[in-house]
Structures are given as C-alpha cells and as structure tokens.
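Here is what each chain is made of, one letter per residue.
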Amino acid sequence: MLFIRNNIWLAFYVFLLAGFASFIFILTKTHESIRQDVQLEQENLTRITSNSVEASLRQYGTLLDILGQELLHEAKFLDRDKAIQEIDKLLNASHTTHNLFLIDLDGNIVATNSLSQDKRESSLNLLQNPKAKESFSLTLDSNAAVIGRTYFSYWESALIIPIRKTIRNRDGQPLFVVSLTINIEKGLPFFSKNVEHSADYSVFIYRERDRYFQVAPKRLINDPAVYEHQFSEERIQESIDYVEKAYNTSFEVIKNKQIITTHVTGKFNDDSQSMMSNFYIKEFQLWVGIERDTQVIRKKFFQVAANLSLVFFFAYAVIFWLFRVISNNEKKKEELLTYRATHDFLTNLPNRYFLDNYFSKLEEQDSYHLLFVDMDNFKSANDNFGHDYGDQVLIEITRRLKLSIQKSECLIARYSGDEFVVVAFNLSSFEAERLAQTILEEISKPYLMSGNRLSISASIGISHCPTDASSFEEVKRLSDFALYEAKQNKNCYAIFHEELKKRYLDDQSLENKLRDAIKNDEISIVFQPQISSAGVLSGFESLVRWYSEELGSIPPNRFIPIAEYSGLMPELGRHIIRKSLDEASKVASDSFSLSINVSIKQFFSDGFVEYFLQQANQSKIAKSRLKIEITESLFIQDLDYVLGMINQFKAEGISVSLDDFGTGYSSLSLLKDLPIDELKIDKSFVDDIVEDKDARLLLQGIINIAHKMGITIVAEGVETQEQKQILDGLGCEVFQGYYFYKPMPINDVIKEFN
C-alpha cells in the first residue's frame, strides 16, 4: 500500500496496462463466442434446411411412385391418352402445379399433363440433350429417383429441377420413366423466401455427382449461367482436404455420419470471405449448404465491442478521476508533511531540516551573513509562567524577528527551543551589524501577555559566507563560536574573527587527535572516592582523563565540548562506560557504588540505553551498585522522553544521580517530577557555606526537601574539615572532594581499598 501511495501514477499505468490486456482478452473471447454462436445458429439452420429439402424431394419421389403404379395398371403407359388422363388426375388430386411426364426408354417424351401439350418440352429427346443425357442414363440404371441438372425454362421463365424414376416390371426390367419438373420458386419456397427476406445468409444445393449447382446461392440463384458452371476437381479436393484436417476425420465418415461441417472460405464468384456450413443428403447425393458473410460476425462483434469499449473507457475515466483525486490528496498530504517536516509547528518558521536542505542547493560562492540568535534565560519564562506562556513568548519573538528584517532579504528559521537563525543576503558587514542591533532592541522590549510582564534578552553570533567559511555547516558552527562569546555578556552580538577562527582550527585539530585517542586507547579513567558521614567508603565517581604524548594532559572541560560539537560524544561515552565498568570490577570490595557521568549528547544518542544495559549485564558489578549521573540541563529538553529513558534504568535497578544541582536552570519544584535517587550539591555552593549564612540556609532548605523525598545528598568539592563539619551538620550523607581523596587511577584504588 505504501508503494502504491508513493508511486500512484505508476500504479495507475500498471493498472491501465493490466486493464487493457484484460480488455483485449475479453474482446478476443467475445469475438470467439460470437463466432461460435453464429456458427451454431448457422449449423442449426443448415440442418433444418437439409431436412426440409430431403422431405420435399422424398415427397416428389413418392408422387412419381404413385404415377408409375397408376400407369402400370392395365398398361395405361402404352396408351398415350390414358396416360395423360392419369397424369391430369394425379395432378388434380395432389393440388400441385408441377409438370409430370411419361418418357420412353429411348428418351422421348410420350405424354405430359394436358396443360403442357403445347409446350416444346414435350418434343425433346432427353438422350439427345447434353444437359439431360447423363442423368437420364443414370435413371435407367437406378431403382431410386434421380435428380437431373437444373436448367432455365424460357417457356416458364423459371429455374426447373427435374426428378426422374424408372418404372420396372416384376422381373426388374425397365418399362418406362416418369419425370417431375419442379419450379424452384413454387416447388421449393424455402429458397425463394431466403432470397426475399434474408440479408444475412444464402442457401445453396450442390450436386456431388457432377459438381454443378442444383440451387445456386441467392445472389446468383436466377443467373442461368451459374448452372452451366462446373467446379474443378482441384477446388473440390482442396475443400475436402481442408475439412478432413479441420475435423480430423475422413470425408467418407463425414458423409456417412452426415456431420455438418463449417469453415471459412471465399464466396463463389466473389473475393469476400464467408462462413460456409454443409450437410450431405446421402439419398440424393446432394450437399445442402448455407453461407454467411463473415461481416455478420464482425458487425455483431463491433456492436458488442463498442458497448464494451464505452464501459471500459467510462470505467477508466472514473478510475482516472479517482487516481487523480488520490494523487492530488497524496500530493497535498505530501506537501503538508513536507511543510511540517521542514517547519516548526509552533511558529511556522522553517526548521533545521529546511535550512540544511536549502543551503545544500546554494552555490558555495553565494554571499550571506548568518546570525545565530539565542534567548538569554528564556527557561525562566517556562519555569515561572508555564510552557503555554513560553510558547506565546516564542510566537511573539517570531513576530518581532519578522518585523526586524522586513526591509532586508532574509530567511528566518527556528533552530531549536529558544534558538533562531537569521540568514541575511546581500548585506554589507555594517548592515548585518545594524540588523543584529535591531533584533536585540526588538527582543529586549517587555512582553505583556496573559496579565504577566516578562523581560528577556538575546545574544547573537555572526559569521559570513564565504569570508569565514564556504559551507553552511561551517558558517553555522563559526556563528555558534561567536554566539558563545556573546553569551559571556548577554544582550549583545559578537562577530566571528580570526582569534575565534584560530580557536576553531585548534578545536578541529584537537577533534582529529581525540578521534585517534579513542582508537588508540589514550582515554583513561580515574576514580574519586565518595565517603559517607560515618567515614567509610560509599562509592566512586568515574572521571575521564586524556593524556597525549604530543599535547600532554588535556582537561575534560577542553575536550568534552569538542566531542559534543563534533558528534564524537556517543563514541567517547561508550568508551567511558566500558572502561569504567571493566576497571571498577577489579576492586575487591562489593559494598561500594559506581557513578558514571553521562552528557546530554550521549544521553540522547541512538542506542544509549541499550548499550549501557548491555555493558552493565556483562560487568561483574551488580546493577544495584551502579548510578548514572545526569545534569539539570538534560531536563530542559523533552521531559517526558527523558523520564521514559530514566525509568528504563530504574526498572533495571540502576540508580540516578542529579549532578551539579543549582548551577543550571532547575528549580526545587523540579525535584518532585524526577525519579532520582541522589542529589549532588555543586562545588559552588560548598565553597561559600563557611562564610555565607544565606548559602547555608539555602543549602539547608535543599537538603531538607530532598530528605523528605527520600533523596540522598552528596556534597562535591569538599576541601576543608570545616566544610565537612558544616555539611555534616546540615544532614549531608556523602562527601566527595580533595579533603578526602583526589581522583586516582584504578591501581591506586586497589592499593588503597583492597
């Protein structure tokens, strides 16, 4: 289904092709069905016509038998007058209009009905007539009625079929011949009706004995010349061979079993094609045939095909319309999804994805200033007034940004929570600085919403393409460095300069060396003991160290930010987790806890939870003795998502410690929402507690609240006995600092504590 949605018109054309193939298949089957129906109808008509012809001929044969018997009685055939009387009497009794003749064995007509006495046929000698000689001779040799060749009678102006029969004595000796002439129009009305009323088919009778038409097809039936035409033996044999092959049997079997055969052939005396059905009447050695122009099949087929085509094209018009509707809907949906994917849902500004896409299509030589705008202490708006209020502020900030750039060619994007990017095209450095100042002035104006007044400011970092860098990613990164400098003073802007560039290049070099250091195992772990208020070992915090043979010792606050900027943090974090667990497992005691610091970048990296739990399961240290240390800044991200990840650790028995409490943006109210087990008081609080009474009171309040919530307090940076005593008096349970132990490598830990 997803494939069809993504390739809707390809699916339509496949469907159209399949439908067209089906349509052709249906038309083929329809044509075959119509042909079979026409053939079946024609074969049924052939059988009916043959039965009618055979019955008529038998009836005429019976009439000849009756005449013969009457003429034999009292030898009337020897008396011409009596013969004429018998002929007239029979004609009157049978109500027929045909002519009857008495013929002697020499072929002379002896007598006929009285109405024909003046006609010249009575003076003809059949043995001297080329057309009659062969059939008359056959009559003399046969006991059955014999049908003569059809001829045109000028005196009757009609086509005549003669039927003759030899009358014999009891010894079988021939005495005389009786003959009946049939006017086709009157004696075989079936043919005349076909001629008058049927435009579809034509009936004919063909004489097998001498290859002449007995009755020609309707278009030729009244043409005397047709009856003089004798078919060639070659043509007849070709037809026989074709029929034998088509019906897979011999021609004699077809005649004897009186099988109706049908095949397509050329019309007699015509170049068009016809479907011809034939039936053999054995008694008279006649083939009764019906031919129908194949155009009848085509006509019926085209009528059906036209209807099917209308249905097909109407159906596909509807289907095309449906596909078009689906395509338009999918296109709108895709455009909407693309818009949502490339725009911020709250402010409707382009987002990071849009920026990356947009600048990937720009030429590197395109000139623009990039202003990285970050709100100062924006989180206080959410903490003090709620997230809905914070959203309203962001919308207002967006409006003010648009107001600031309305006279410039600029692109605004919401980069992250309270960070915005303004890309200004075709501005001089002076104009870019003036734009930055305008933005600062607009944003610093008070915000009056929902009855609350809020004042915030912004910091801006500025860099230029292609002066500072040629790619968008590099320009953005340099703006970020400039932003960092502006953040030191807040509510100001800073322009990227060579000193920052040098720092950037130094960071690039350090980043490359850090990559090598991780691969070459130059990153080491030290452990700082944590001592309980009772003076015994409570646990260790693992801390990362890097010693380079080339650079010497590099402090964590120098290389950790670079790891986070460069995307190395997940790899570095996995190294820290693995090495901390491996080395800590060498300590013989099983009563201590192990705390491992986790950065924001590492926490949100793909597979972090799975990797940590995998390493924990493989370690000799029980998961109940493990802690992950996270900072307050983690919770300014997606709180629900963060809580979900933390709960996964909690479910495995791993404790959670909140590090550097009080240095970020968290408030005490946050503690009730966090499933933490331990709260670490930052060194900045500890440094002031000896001389600052307010600091002691604030710390006392934090500890009391934490205790009520079942949270253990750990004090960091304890360096004097006096600090330890005050913290102990305030209810702090665990201490960590140089007063007790400095961070030490694992071998020193083993010596000290094993």
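The structure presented is a predicted model; accordingly, all values stated were derived computationally and were not measured.

Criteria and thresholds
- Residues numbered from 1 in each chain as written.
- Predicted model: local features only at pLDDT ≥ 70, side-chain atom pairs only at ≥ 80, totals over all residues.
- Heavy atoms only, no water.
- Helix = DSSP H or I, 4+ residues; strand = E, 2+ residues; numbered from the N terminus.
- Rg over C-alpha atoms; globule rule 2.2 N^0.38 Å.
- Buried < 20%, exposed > 50% of the residue type's maximum accessible area, 1.4 Å probe, protein only.
- Contact = heavy atoms within 4.5 Å.
- Lys, Arg positive; Asp, Glu negative; His and termini not counted.
- Charge placed at Lys NZ, Arg CZ, Asp CG, Glu CD.
- Pairing = 2+ DSSP bridges.
- Axes fitted to C-alpha atoms, helices over the stretch in contact; angles between N-to-C directions.
- Phe/Tyr/Trp six-rings, centres within 6.5 Å; stacked < 30°, edge-to-face > 60°.
- Lys NZ or Arg CZ within 6 Å of the ring centre and 35° of its normal.
- Parallel < 35°, antiparallel > 145°, perpendicular 65-115°, else oblique.
- Left-handed = near helix turned anticlockwise from the far one by under 90°.
- Nonpolar A, V, L, I, M, F, W, Y, C, P; charged D, E, K, R; others polar.
- Polar contact = N/O pair within 3.5 Å; in protein donor to acceptor, adjacent residues only side chain to side chain.
- Salt bridge = Lys/Arg side-chain N within 4 Å of Asp/Glu carboxyl O.
- Patch = residues over 30% accessible without salt bridge, like charges linked within 9 Å, V, L, I, M, F, W, Y side chains within 5 Å.
- Areas by Shrake-Rupley, 256 points an atom, 1.4 Å probe, with all protein chains shown as cover.
- Core = buried A, V, L, I, M, F, W, Y, C linked by side-chain atoms within 4.5 Å.
- pLDDT = per-residue confidence, 0-100.
- Arc of directions from axis to C-beta.
- Disulfide = S-S within 2.5 Å.

A. Structural view of the overall build of the chain. From N to C terminus, the chain includes 24 helices and 27 strands. Taking 754 residues into account, the globule formula puts the C-alpha radius of gyration at 27 Å, and the chain, at 58 Å, lies well above it. Taken along the three principal axes of its C-alpha coordinates, the chain extends 175 × 65 × 55 Å. The 754 residues of the chain split such that 48% are buried. Long-range pairs, those at least 24 residues apart, make up 62% of the contacts in the chain between residues at least 6 apart in sequence. Taking the 82 positively charged and 105 negatively charged side chains of the chain as two groups, their mean positions are separated by 7 Å.

B. The arrangement of the pairing of strand β24 (residues 655-661) in detail. Taken across its seven residues, β24 has six buried, putting it largely inside the fold. Across five bridges, strand β23 (residues 626-631) lies against β24 in parallel orientation. What sits directly across from Thr631, in β24, is Asp659.

C. Here's a closer look at the sheet that holds strand β18 (residues 493-495). Taken in spatial order, the five strands line up as β13-β14-β12-β17-β18 in an open sheet, and their pairing is mixed. Each of the sheet's edge strands pairs with one partner strand only, and the pair in question is β13 (410-416) and β18. Shown here is a sheet whose adjacent strand axes are inclined to one another by a mean of 20°, direction ignored. Strand direction decides the pairing type here: strand β12 (residues 368-376) and strand β14 (residues 419-425), joined by seven bridges, are antiparallel. Along β14, the bridge assignment pairs Tyr368 with Phe425. Across the face of the sheet, helix α10 (residues 352-360) comes into contact with β12, β13 and β14 while running at roughly 135° to β13. Helix α12 (residues 387-404) contacts β12, β13 and β14 of the sheet and is inclined by roughly 10° relative to β14.

D. Summary view of the packing of aromatic side chains. For the structure on display, the rule yields 36 aromatic pairs. The aromatic ring of Tyr280 is capped on one face by Lys255, whose charged end is 5.2 Å from the ring centroid.

E. Inspection of the packing of helix α17 (residues 569-584) against helix α19 (residues 608-618) at higher detail. At a closest axis distance of 10 Å, the pairing of α17 and α19 adopts a crossing angle of 15°. The angle between α17 and α19 falls in the class roughly parallel. For the element pair α17 and α19, the recorded crossing hand is right-handed. Counting all contacts with α17, which are made through Arg574, Ile577, Arg578 and Leu581, the residues of α19 involved are Phe608, Tyr611, Phe612, Gln615 and Ala616. Among the residues making up the contact of α17 with α19, the classes are represented as six nonpolar, one polar and two charged.

F. Local environment of the environment of Glu431. If you trace the backbone, Glu431 turns up in helix α13 (residues 429-443). Classification of Glu431 by relative accessible area gives partly exposed; the value is 32%. Distance in space between the C-alpha atoms of Glu431 and Asn704 is 55 Å, their sequence separation being 273 residues. Of the polar contacts made by the side chain of Glu431, one reaches the backbone nitrogen of Ser428; its length is 2.9 Å.

G. Up close: the pattern of salt bridges. The tally for this structure, following the rule as stated, stands at 34 salt bridges. One salt bridge connects Arg58 with Glu54, and the closest N-O pair in it is separated by 2.9 Å. Here Arg58 pairs with Glu54, and both are found in helix α2 (residues 8-72), just four residues apart, close to one helical turn. On the basis of relative accessibility, which here comes to 12%, the residue Glu54 falls in the buried class. For Lys255, the salt bridge identified is with Glu208, shortest N-O distance 2.9 Å. Here Glu208 lies in the loop between β7 (201-207) and β8 (213-215) and Lys255 lies in helix α8 (residues 251-256), a separation of 47 residues in the sequence. Ionic contacts of the salt-bridge type, sharing partners, join the residues Glu541, Glu629, Lys680 and Glu716 into one network.

H. Region of the structure containing a nonpolar patch on the surface. A surface patch of nonpolar side chains, about 560 Å² in accessible area, is lined by Phe314, Val318, Trp321, Leu322, Val325 and Ile326. By the element assignment, Trp321 lies in helix α9 (residues 295-342). Overall, the relative accessible area of 52% leaves Trp321 in the exposed class.

I. Spatial organisation of the nonpolar core. Membership of the largest hydrophobic core comes to 73 residues, with the highest contact counts inside it found for Leu572, Leu594, Phe603, Phe608, Phe649, Leu679 and Leu727. The residues touching Phe608, leaving out its near neighbours within four places in the chain, are Ile577, Val598, Gln602, Phe603, Met645 and Phe649. Listed in part, the 54 residues of the second largest apolar core include Ile163, Ile182, Ala216 and Leu220.

J. Structural context of the confidence of the model for the chain. For the chain, per-residue confidence averages 86 on the pLDDT scale, and residues scoring 70 or more make up 92% of the total. For the chain, helix α6 (residues 189-197) is the element with the lowest average pLDDT, namely 55, and strand β27 (residues 734-736) is the one with the highest, namely 95.

K. Looking closely at the environment of Val749. With respect to the helices, strands and loops of the structure, Val749 is situated in helix α24 (residues 746-753). A C-alpha to C-alpha distance of 44 Å links Val749 and Phe378, two positions 371 residues apart in sequence. Residues in contact with Val749, not counting those within four places in the same chain, are Phe527, Phe540, Val587, Met744 and Asn754.

L. Structural context of unusual backbone geometry. Residue Pro466 is reached from Cys465 by a cis peptide bond, and omega for that bond is 10°. Along the chain, Pro466 falls in the loop between β17 (457-465) and α14 (472-487). Residue Asn491 is not a glycine yet carries a positive backbone phi of 50°. The residue Asn491 is located in the loop between α14 and β18 in this model. With relative accessibility at 40%, the residue Asn491 sits in the partly exposed group. Even without being a glycine, Asp521 presents a positive backbone phi close to 60°.

M. Layout of helix α23 (residues 721-730). Where α23 is concerned, the buried positions are Gln723, Lys724, Ile726, Leu727 and Leu730. Projected onto a plane normal to the axis of α23, the buried residues spread over an arc of 165° and lie on a single side. Turning to α23, the residues buried within the fold contact α21 (683-688), α22 (693-708), β26 (712-716) and β27. Gly731, located one to two residues past α23, shows a positive phi value of around 105°.

N. How the structure looks around the side chain of Gln214. Within the secondary structure, Gln214 sits in strand β8. Residue Gln214 is classed as buried on the basis of its relative accessible area, which comes to 1%. Within the structure, the side chain of Gln214 is placed 2.9 Å from the backbone oxygen of Gly148, a separation counted as a polar contact. Filtering out sequence-adjacent residues up to four positions away, Gln214 remains in contact with Ile147, Gly148, Arg149, Thr150, Ile161, Ile184, Ile205, Tyr206, Arg207, Tyr227 and Leu286.

O. Summary view of the state of the cysteines. Per the stated rule, a full pass over the model turns up zero disulfides. Considering cysteine sulfurs only, Cys410 is the nearest to Cys492, which forms no disulfide, with 20 Å between them.

P. Inspection of a negative patch on the surface at higher detail. Residues Asp688, Glu691, Asp692, Asp694 and Glu722 make up a contiguous surface patch of negative charge. One can find Asp694 in helix α22. On the accessibility criterion, Asp694 (57% relative accessible area) is exposed.

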